[in-house]
Amino acid sequence: MGTHINIVEIGPRDGFQSVKEFMPTEFKLEIIDGLVKSGIKRIQCTSFVSPKAIPQMQDAAVVAKTVIGKYPQTSFFALVPNFRGAESAVENGVKDVSVVVSLSESHNKANINRTHEQSIEEIKKIRGEFPDLKITVDAATVFGCPFEGRMEIPPLIELLGKLHDVGIRAFTLCDTIGVAYPAQIRAILESSKKAFPDSIFNLHIHDTRNMGIINSYEGIKCGAQSVETSLGGLGGCPFAPGASGNTSTEDFVYMMNREGYETGIDFSIVLETARKLREKAAGLYSGHHINIDKVHQDFT
Ligand code: COA
Ligand code: ZN
């Protein structure tokens, strides 16, 4: 048996949010069925955000309630931008959320209309009100910002410290616009882990420069708790100009299975599900690739 690794699927949120035309809820559920069947254990199923900001996520309540009820063995989580989102998530049976905060103040403002201070206050309020809710902070633009450019490590550690002070022990470091490279992945993961040895760090990678796979792999080798990937490579933040798709789940599963890691995920089922997604979403997709043509079949 190879080393076990955690591949977390975020397509139903980051992927679907980048599709402009509304995808029928039934179809979203069908895709999640395929993801569960493939053996993926943790899935970000939706986000509880303003339907004006992201109309695609207007069916968050139905999606969350349905999949949580249907698949008790799968760990589902949802993204929330504020207290109101956390409240709706909890009302709909969600026990696990990611709250997004950007390292860059300007992206935090563009994305969720808050300063760092306001975001931290809001997280404190969410923790206070919902002590049993599992919270991960998605630290966005950690590797670079569409407005401010290069991001440095000391301000990241400072922000993580403030979040640590309000009780956060799980972080997802996000390359929101896909500018990271392996040495940066190493440096940021190592500094973060060293500064907060009691916390876990996941990675969320975009694939703007075709470095999604190598950055995700580097993350695994540097001890990231999990790597988030998206079916079909679909993804992108509407409030981050230039953001493109994520590391594609099928490509990453293929590589990690071949490399001898234990993913627990069946590549053929992932691929079949990616095909289904492409049939429906390709014409509607606003980002730059659904790249499943690169891989025609598993050769085993
Ligand atoms: N769910 C649903 N609606 C929400 C909401 C939530 N979590 N939070 C706010 N709203 C609604 C309000 O009711 C209000 O609606 P109205 O205009 O019909 O009255 C509107 O959104 C603005 O509310 P306000 O409290 O002023 O919001 P804000 O400006 O402080 O924050 C966000 C705006 C954060 C809610 C909004 O920008 C958002 O949802 N962004 C999502 C960002 C995202 O998902 N990015 C991609 C992932 S990283
Ligand atoms: Zn993303």
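Details of the structure are given in the entry above.
Student: Describe the coordination of the zinc ion (ligand 2), naming the residues involved and giving the relevant values.
Tutor: Donor atoms from the polypeptide that bind the zinc ion (ligand 2) are Asp 14 (OD), His 204 (NE2) and His 206 (NE2), placed at 1.9 to 2.1 Å. Going along the chain, you hit the donors of the zinc ion (ligand 2) in the pattern D-x189-H-x1-H. Note that Asp 14 is positioned in helix H1 (residues 11-15) and His 204 in strand S7 (residues 200-205), a separation of 190 residues in sequence. Of the two residues, Asp 14 and His 204, neither departs from the other in class, the shared state being buried.

Student: Tell me about empty space enclosed by the protein, and name the residues and values.
Tutor: Evaluation of the coordinates by the stated rule reveals one cavity of 30 Å³ or more. What the largest cavity holds in volume is close to 30 Å³. Taken together, Pro 81, Val 99, Val 100, Val 101, Ile 112, Ser 119, Glu 122 and Ile 123 make up the lining of the largest cavity. Those elements that place two or more of their residues in the lining of the largest cavity are strand S4 (96-102) and helix H6 (116-129).

Student: Please give an account of helix H9 (residues 212-221) that cites residues and values.
Tutor: Burial analysis of H9 places seven of its 10 residues in the buried class, which makes it a mostly covered element. Of the residues making up H9, those classed as buried are Gly 212, Asn 215, Ser 216, Tyr 217, Glu 218, Gly 219 and Ile 220. Contacts made by the buried residues of H9 are with helix H8 (182-195), S7, strand S8 (227-229) and helix H10 (249-258). Directly after H9, the chain includes Gly 223, whose backbone phi takes a positive value near 85°.

Student: Describe in detail the site of ligand 1, supporting the description with residues and values.
Tutor: Looking at ligand 1, there are 18 residues lining it, with Ser 50, Lys 52, Arg 84, Asn 111 and Asn 113 nearest. Contact between ligand 1 and Ser 50: an oxygen atom at 2.8 Å from a main-chain N or O atom of the residue. Taken by itself ligand 1 offers 920 Å² of open surface, and the protein chains cover 68% of this. Looking at the shell around ligand 1, the elements that each hand over two or more residues are helix H4 (83-91) and helix H5 (105-112). A class-by-class count of the residues in the shell around ligand 1 yields eight nonpolar, six polar and four charged.

Definitions and limits used
Residues numbered from 1 in each chain as written. Chains lettered and ligands numbered in written order. Predicted model: local features only at pLDDT ≥ 70, side-chain atom pairs only at ≥ 80, totals over all residues. Heavy atoms only, no water. Donors = N, O, S within 2.8 Å, 3.2 Å for Na, K, Ca; no water. Helix = DSSP H or I, 4+ residues; strand = E, 2+ residues; numbered from the N terminus. Buried < 20%, exposed > 50% of the residue type's maximum accessible area, 1.4 Å probe, protein only. 1 Å grid on protein atoms, 1.4 Å probe; cavity = no way out; pocket = protein on both sides within 12 Å on 5 of 7 lines; lining within 4 Å. Points joined across faces, edges and corners; volume = space filled by probe spheres on them. Contact = heavy atoms within 4.5 Å. Near = heavy atom within 4 Å. Polar contact = N/O pair within 3.5 Å; in protein donor to acceptor, adjacent residues only side chain to side chain. Areas by Shrake-Rupley, 256 points an atom, 1.4 Å probe, with all protein chains shown as cover. Nonpolar A, V, L, I, M, F, W, Y, C, P; charged D, E, K, R; others polar.

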